[in-house]
Amino acid sequence: MAHFLLLPVGSHGDVHPFVGLGVGLKHRGHRVTVVTAEPFRGVAERHGLEFAGTVSADEYSTMTNHPDLWNPSKGLRVVLDNDMLRKYLPVTFAAIRERYVPGDTVAVGGSLAFVGRVAHESLGIPFATAHLQPMSCCSVTDPPVAADGTDATWLPRPLIRLAYRVAEWLKTDPLITPPVNEFRRTLGLPPVRRILTRSGPSPQRVLGFFPDWFGPIQDGGPTFRHAGFVLFDDASGRKTPEPLTRFFDAGPPPVVFSFGSAMRNGRPYFEAAAEACRRLNVRGVLLGKSGEQIPPTLPPDVVHADYAPFSEVFPRAACVVHHGGVGTSAQAMRAGVPQLVMPMAYDQADNAARMKRLGVSQTLFPKRFTGPRVAEVLKELLRDEGVKQTARQVCDRLRGSDAMATACTLVEELIGSDHPRSVNENTVSPG
C-alpha cells in the first residue's frame, strides 16, 4: 500500500474534503498524512490520520481575524500573504521530502498548494491537484462569475481567455511569484510565471471535487477528471451539541444561518438573520464562532451554537442561509433544502450563480443583506414548492454518486508514477 501526503490550504471548507479523502484512502489500506495548518491536527488525528503542521494556530488565527479577509478585492492579498508563503513553502516542502519514498508516495494538494508542484519537479514525487470549486479551474468553456458578482460568462471565448491572462499578469502573479520563485531558486529550479493556471497545477492529474453538472469543465485537458463533491464534516468526531439537538426536536424546522468557519466579523449578518426570523416568526439557528459577531440578545426562538456538523443539521432545516463556500453549498444541496446565499469573496458568487441556475437558491449580496430584505426573500423561498422539489431532486443526484470512491481511485492511479526531476515548460529565464 502507498503513503499519501494531503496538502490542503485554507479553512474547514478547504481542509475537510481532504480529510474525507484521507479517511477513504485509509479504509483502502493506505497510510495517510495531512500536511496543513496546526488547528486541523485534531480532526486529522481523530480519524486515524497522521499529521504534519505548517503554519501555527496563532498565525492561522491572525489570518482569519484579518478585517480584509472577506473583502472581494482585498481578500486575496490576505490569503496569499508573502510572509506567510515564505514560511509555508519550505516547511511544507520539508515535510514532503522527509516522508517521500520513491514508488510508494503520492502528494495531493488543493488549488493553492503550489509547493506540491515544486516537490513534483524537485523530487519527482507523483502529484495531483484537486480543485474544490469550478472557479479554480479557470475554464474558458465554463467561466466563473467574479467575486463581486460581475457576470461576463457571455463574452466570446477569446476575450475570456484574455481576461484570465490579464488577471494573472496584474493580480495573482505579482502576489505569488516572488515567494514561490525565491523558494524554487533555493532548490535549483528555474523561475515560473502564470502559477495559478499553468505552473501550479499538476501536469499528471487534476481533479474536480465537484460533479460535471455543477461545473462542466470541458477544456480541462487530458489530465482532468471529475470526482464529485467529497463530503466530510467530522460528524463522527464532533457531534451536534445536545442543547441544539433539543431545540430542533422542540418545534418545526428552523432556518439555519452560517457564514463560514473562518468568519469572525459577521455581526451585521447575524443581526440581520435574527431580525428576519423575528419578522417572519420562524425559528432560527445561528452557527458561528462566539464573540463580538454574535448579537448579545436573540429572539426567543433563535439560538446560537459555535459549531454543528452540517450533515446533521442541514437536513433538519427549513432553509439554509450561508456565504456560498463550496463545502457549505455542497452540504446544503446534499440536504435537499432551499438556500439563500450571501456571497462575499473568492468563489462564493460563482457557486451562488450555479445553484441559482440549478433552481435551488436565491442570492443576496452583503450590501442588501438586511433584516427586512432577508425576511422578504426567505418568505418566498419557504413558500416556493418548486424550489423545494428541485432541491430534493438535486439531493437525489448527490445521493446516487460515490465521489469518495472515485476520488480515491483517481489518486491511486498515480502510485509509482515517479520520475526524475522535470523541467517546467512554462519556465522563464531569470530577469
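As shown above, the structure is provided for reference.
1. Points about the sheet that holds strand β1 (residues 3-7)
In step 1: Strands sit in the order β3-β2-β1-β4-β5-β6-β7 across an open sheet of seven strands; the sheet is parallel. The open sheet terminates on both sides in strands that have one partner only, identified here as β3 (50-53) and β7 (224-226). Recorded for the sheet is a direction-independent mean angle of 25° between the axes of neighbouring strands.
In step 2: The sheet contact formed by strand β6 (residues 205-208) and β7 spans three bridges and is parallel. Within the sheet, the bridge partner assigned to Val206 lies in β7 and is Phe224.

2. Quick look at the environment of Leu340
In step 1: You can see Leu340 is positioned in strand β12 (residues 339-341).
In step 2: The buried category is assigned to Leu340, whose relative accessible area is 0%.
In step 3: Separated by 21 residues in the primary sequence, Leu340 and Ser361 place their C-alpha atoms 5.5 Å from one another.
In step 4: Other than its neighbours up to four places away in sequence, Leu340 contacts Cys319, Val320, Val321, His322, Gln362, Thr363, Leu364, Phe369, Val374, Val377, Leu378 and Leu381.

3. A look at the packing of aromatic side chains
In step 1: This structure, assessed with the given rule, holds eleven aromatic pairs.
In step 2: For the ring pair Phe259 and Phe369, a centre distance of 5.7 Å and an interplane angle of 90° mean the geometry is edge-to-face. With Phe259 in the loop between β8 (255-258) and α10 (267-280) and Phe369 in the loop between β13 (361-363) and α14 (371-383), this residue pair connects regions lying 110 residues apart in the sequence. We note that Phe259, like Phe369, is buried.
In step 3: Through successive ring pairs, a cluster of aromatic residues spans Phe259, Tyr269, Phe270 and Phe369.

4. Some details on the pairing of strand β11 (residues 319-322)
In step 1: On β11, burial covers both faces: Cys319 and Val321 on one face and Val320 and His322 on the other are all buried.
In step 2: Bridge count for β8 against β11 is four bridges, and the pairing is parallel. If you follow Phe257 over to β11, its bridge partner there is Val321.
In step 3: The pairing of β11 with β12 spans three bridges and is parallel. If you follow His322 over to β12, its bridge partner there is Val341.

5. Some words on α10
In step 1: Taking 1.5 Å per residue as the helical rise, α10 with its 14 residues ought to reach 20 Å, and the 20 Å between its terminal C-alpha atoms agrees with that figure.
In step 2: Every buried residue of α10 is accounted for by Tyr269, Phe270, Ala272, Ala273, Ala274, Ala276 and Cys277.
In step 3: Packed against the buried residues of α10 are β8, β9 (284-287), β10 (302-305) and α14.
In step 4: One or two steps after α10, the chain reaches Asn281, where phi turns positive at roughly 55°.

6. Here we look at the packing of helix α5 (residues 82-99) against helix α7 (residues 157-186)
In step 1: It is at 9 Å that the axes of α5 and α7 come closest, and there the two elements cross at 35°. Crossing of α5 over α7 shows right-handed handedness. Here α5 contributes Asn82, Leu85, Arg86, Leu89, Pro90 and Phe93 to the contact with α7, which in turn contributes Leu175, Pro178, Pro179, Val180, Glu182 and Phe183.
In step 2: Residues belonging to the contact of α5 with α7 are distributed by class as follows: nine nonpolar, one polar and two charged.

7. Thoughts on the packing of helix α12 (residues 326-335) against helix α13 (residues 348-358)
In step 1: Close contact between α12 and α13 brings their axes to 10 Å; oriented N to C, the two are set at 20°. As summarised for this structure, α12 and α13 are arranged roughly parallel, according to the angle between their axes. The element α12 and its partner α13 pack so that their crossing is right-handed. Contacts from Val326, Ser329 and Met333 of α12 reach α13 at Asn351, Met355 and Leu358.

8. A look at the pattern of salt bridges
It is possible for side chains bearing opposite charge to pair when their charged atoms get close.
In step 1: Here the structure, examined in full by the defined rule, presents 19 salt bridges.
In step 2: Of the charged contacts, one joins Glu38 and Arg41 as a salt bridge, the two residues approaching to 2.4 Å between their closest N and O atoms.
In step 3: A relative accessible area of 29% places Arg41 in the partly exposed class.
In step 4: Its salt-bridge partner being Glu59, residue Lys87 comes within 2.9 Å of it at the nearest N-O pair. Of this pair, Lys87 sits in helix α5 while Glu59 is found in helix α3 (residues 57-64), placing the two residues 28 residues apart along the sequence.
In step 5: Taking relative accessible area as the criterion, Glu59 reaches 23% and is therefore assigned partly exposed.
In step 6: Salt bridges sharing common partners tie together Glu38, Arg41 and Glu45.

Conventions we followed
Residues numbered from 1 in each chain as written. Predicted model: local features only at pLDDT ≥ 70, side-chain atom pairs only at ≥ 80, totals over all residues. Heavy atoms only, no water. Pairing = 2+ DSSP bridges. Helix = DSSP H or I, 4+ residues; strand = E, 2+ residues; numbered from the N terminus. Axes fitted to C-alpha atoms, helices over the stretch in contact; angles between N-to-C directions. Buried < 20%, exposed > 50% of the residue type's maximum accessible area, 1.4 Å probe, protein only. Contact = heavy atoms within 4.5 Å. Phe/Tyr/Trp six-rings, centres within 6.5 Å; stacked < 30°, edge-to-face > 60°. Expected span 1.5 Å × (residues − 1). Left-handed = near helix turned anticlockwise from the far one by under 90°. Nonpolar A, V, L, I, M, F, W, Y, C, P; charged D, E, K, R; others polar. Parallel < 35°, antiparallel > 145°, perpendicular 65-115°, else oblique. Salt bridge = Lys/Arg side-chain N within 4 Å of Asp/Glu carboxyl O.

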